Amino acid sequence: MALWGSRWRKSLNKDVEEFTYSLDFDKRLFKVDLIGTLAHVLMLNKIGVITNWEIKVLVEEIKKLYESLKEDIDNIKDSEDIHTYIEENLTKKIGDIAKKIHTGRSRNDQVALDLRLYLREEAYELSQLILKIRENFLSMAERYIDSPMPGYTHLQEAQPVSIGHYFLAYDSMFERDLERLWEIYKRLDVMPLGSGALAGSNLPLDRYYVAEILGFSEVSDNSMDSVADRDFVADFIYFSSLIFTHLSKLSEEIILWSTQEFSFIRLPEEYSTGSSMMPHKRNPDVAELTRGKTGKIIGNLVNILTILKALPLSYNRDLQEDKPAVFLVIDELKLALKVWSNFILNLEFNMDKIEKTLRNDFLYATDIAEYLVLRGMPFRDAHKTVGEVVKYCEDNSKSFKELSIEEWKNFSPLFDEEIFKLLNPEESIKSKKTWGSPNPSLNREVIKKKRQSLRDQKLKWELIKDKLPSIDKIIERVNL
Ligand code: ARG
């Protein structure tokens, strides 16, 4: 019988049962549901609802159920959801004592707690994966800090940068992503249990004690908001969508660079596939799938926002649909981060082809304009002068290098032999003076700074790890 069954004369229509059933996907909350239940019953013991004898039996049974579910979680069925399954199972084992478990608790605040506990753990795991990918971006940045490559705007060859500079750009994105996850963690760190169905409880539940057992920093301030709030789910999916967007941008770059036309990289064999028909192919499937999966992830951002947008306070069953969305997104994200961490480490650059592309002199047009500025010409005039040189070159099918010094001087007396030194990619990046530019010696400093930020982020997340509760840690702590 369902948990609410006593008033019903008919059992649930079979199709409706299937329609409302969520055990298939929410069973992955079994561990956090047991952790939350453990904290709740310990609190009920503290306030005298559960006796010292009963709590011992309960704790033992919760631990046993945890051990058996760890083995058997794939095979459980028959209950409406994981919360029901756990309560029914404990009742089967220890009868009357288990009837006290749900005192002052509703599945509405229970599921809100479970999801927060679950996402706190996932946030920690994700933090480790992002730290790893950052580490790999930084080591690639270091490896290629002195290797020039063309940089693009509008996908047109623009100015020389370095391969390392590209990797540092991605490191900056993932540094921000991890900061974003930290902000989300802070909002997850609020304990909703004790909000009951929507209006709290007449019993003197000690919510602060529950929060302390579970390692939450705060207790929520409004019982209706507590059972209805899924902002943190939307936060999580937005955060994931943005990471996927970053990976998808990188994918696009990898796909372009691996084309015959660019040939800037050779795809590592373990990360590419052949064609069943065309023997010469090496396809960037990882990058293409990442780009494709990003659509699904962003789709789920729209999914959660649409679920939430018309809900009156407080709990509504619509909220059950948050879980398939966030679970799917997290699974895909963790896998994508693992794949990409190693993928980037294995990218091989085709230096000959990159060097050939850098021979296009027009990449140095901006350097030449700034050369004129350094010799006293106003920038607008310098821009115009170099524009005229470019036009002259185009009209006469010449490159900058092929112009004689006399031809240069026809455009401005400020030009001298020095100009030819500028037409060189190493020189171009070395000449950059601004912080954040591809200048290798400045980028060495940037890498130091980023390694420090990596260490700081690592430390911050280690502290979180100690706060995450486990069944054993809680049992040890209360020392029954
Ligand atoms: N399975 C539900 C969910 O995931 C929790 C149960 C609350 N159901 C209810 N009818 N109050 O949101």
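That block above? That's the structure.
In this report, the structure presented in the accompanying data block is examined. (Residues numbered from 1 in each chain as written. Predicted model: local features only at pLDDT ≥ 70, side-chain atom pairs only at ≥ 80, totals over all residues. Heavy atoms only, no water.)

**Notes on the overall build of the chain**
Assigned secondary structure in the chain consists of 20 helices and 6 strands. In terms of C-alpha radius of gyration, the chain reaches 30 Å, well past the compact-globule figure of 23 Å for 480 residues. The dimensions of the chain, computed from C-alpha atoms along their principal axes, are 100 × 50 × 40 Å. Sorting the 480 residues of the chain into buried and exposed places 52% on the buried side. Taking contacts inside the chain between residues at least 6 apart in sequence as the whole, the part at least 24 apart equals 77%. If you sum the accessible surface of the chain, you get close to 23,800 Å²; carbon and sulfur atoms cover 53% of it. Mean positive and mean negative side-chain charge positions of the chain (68 and 78 charges, respectively) differ by 2 Å. (Helix = DSSP H or I, 4+ residues; strand = E, 2+ residues; numbered from the N terminus. Rg over C-alpha atoms; globule rule 2.2 N^0.38 Å. Buried < 20%, exposed > 50% of the residue type's maximum accessible area, 1.4 Å probe, protein only. Contact = heavy atoms within 4.5 Å. Areas by Shrake-Rupley, 256 points an atom, 1.4 Å probe, with all protein chains shown as cover. Lys, Arg positive; Asp, Glu negative; His and termini not counted. Charge placed at Lys NZ, Arg CZ, Asp CG, Glu CD.)

**Structural notes on the site of the ligand**
Around the ligand lies a shell formed by S22, D81, R107, N108, V111, Y315, Q320 and K323. Separating a nitrogen atom of the ligand from a side-chain N or O atom of N108 is a distance of 2.9 Å. One of the side-chain N or O atoms of Q320 is found 2.8 Å from a nitrogen atom in the ligand. Taken by itself the ligand offers 340 Å² of open surface, and the protein chains cover 86% of this. No other element matches the 3 residues that helix α6 (residues 107-143) contributes to the shell around the ligand. Taken together, the residues that form the shell around the ligand break down as 2 nonpolar, 3 polar and 3 charged. (Near = heavy atom within 4 Å. Polar contact = N/O pair within 3.5 Å; in protein donor to acceptor, adjacent residues only side chain to side chain. Nonpolar A, V, L, I, M, F, W, Y, C, P; charged D, E, K, R; others polar.)

**A closer look at the pairing of strand β2 (residues 156-162)**
With 6 bridges connecting them, strand β1 (residues 148-153) and β2 associate as antiparallel partners. Its bridge partner lying in β2, Y152 is registered against E157. Hairpin remark: β1 followed by β2, antiparallel, with 2 residues in the connecting loop; positive phi at H154, about 55°. (Pairing = 2+ DSSP bridges.)

**Description of a nonpolar patch on the surface**
A surface patch of nonpolar side chains, amounting to about 270 Å² of accessible area, comprises L198, M224 and L313. Within the fold, L198 resides in the loop between β3 (190-191) and α8 (207-214). (Patch = residues over 30% accessible without salt bridge, like charges linked within 9 Å, V, L, I, M, F, W, Y side chains within 5 Å. Salt bridge = Lys/Arg side-chain N within 4 Å of Asp/Glu carboxyl O.)

**Some remarks on the pattern of salt bridges**
A full pass over the atoms with the stated rule returns 44 salt bridges. Linking K63 and D472 is a salt bridge whose minimum nitrogen-to-oxygen distance equals 2.8 Å. A residue pair is termed long-range when its members are at least 10 positions apart, and K63 in helix α4 (residues 52-72) and D472 in helix α20 (residues 471-478) qualify at 409 residues. Its relative accessible area of 27% is what places K63 among the partly exposed residues. A relative accessible area of 42% means that D472 is categorised as partly exposed. Note that D416 is salt-bridged to R375, the shortest N-O span being 2.9 Å. Of this pair, D416 sits in the loop between α16 (405-411) and α17 (418-421) while R375 sits in the loop between α14 (365-374) and α15 (379-395), and the two are 41 residues apart along the sequence. R375 gets classed as partly exposed once you look at its relative accessible area, which sits at 34%. A single network of salt bridges, built from pairs that share partners, joins K63, E67, K70 and D472.

**Quick notes on the nonpolar core**
Within the largest apolar cluster, 141 residues are counted, with the highest numbers of intra-cluster contacts made by L119, F167, F236, W340, F349 and F400. Among the elements that take part in this core, α6 stands out by supplying 16 residues, more than any other. Filtering out sequence-adjacent residues up to four positions away, F349 remains in contact with M140, Y144, I163, F167, W257, F264, I265 and I354. (Core = buried A, V, L, I, M, F, W, Y, C linked by side-chain atoms within 4.5 Å.)

**Examining helix α5 (residues 82-94)**
The terminal C-alpha atoms of α5, which comprises 13 residues, lie 18 Å apart, in line with the 18 Å expected from a rise of 1.5 Å per residue. Buried within α5 we find I82, H83, T84, Y85, I86, E87, N89, L90 and I94. Its buried side turned inward, α5 meets α2 (23-26), α3 (30-46), α4 and α6. The N-cap residue of α5 is D81: its side-chain oxygen and the backbone nitrogen of H83 are 3.3 Å apart. Immediately beyond the C-terminal end of α5, within one or two residues, lies G95, with a positive phi of roughly 55°. (Expected span 1.5 Å × (residues − 1).)

**Observations concerning the environment of L69**
Residue placement: L69 occurs in helix α4. Classification of L69 as buried rests on a relative accessible area of 1%. It is 9.8 Å that separates the C-alpha atoms of L69 and I86, two residues lying 17 residues apart in sequence.

**So, the packing of helix α7 (residues 163-188) against helix α10 (residues 231-257)**
Their axes nearest at 9 Å, the elements α7 and α10 cross at an angle of 170°. Our classification of the angle between α7 and α10 gives roughly antiparallel. (Axes fitted to C-alpha atoms, helices over the stretch in contact; angles between N-to-C directions. Parallel < 35°, antiparallel > 145°, perpendicular 65-115°, else oblique.)

**Some thoughts on helix α19 (residues 440-467)**
Count 3.6 residues to each turn of an α-helix, and residues three or four apart come out pointing the same way. Its 28 residues place the ends of α19 41 Å apart at the C-alpha level, agreeing with the 40 Å of an ideal helix rising 1.5 Å per residue. Among all positions of α19, only P440, L442, N443, V446, I447, K450, S453, L454, Q457, W461 and I464 are buried. Lining the buried residues of α19 we find α6, β2, α7 and α18 (425-430). By the N-cap criterion, in which a side-chain oxygen at the helix start approaches the backbone nitrogen of a residue two or three places on, α19 is capped by N439, the distance to S441 being 2.9 Å.

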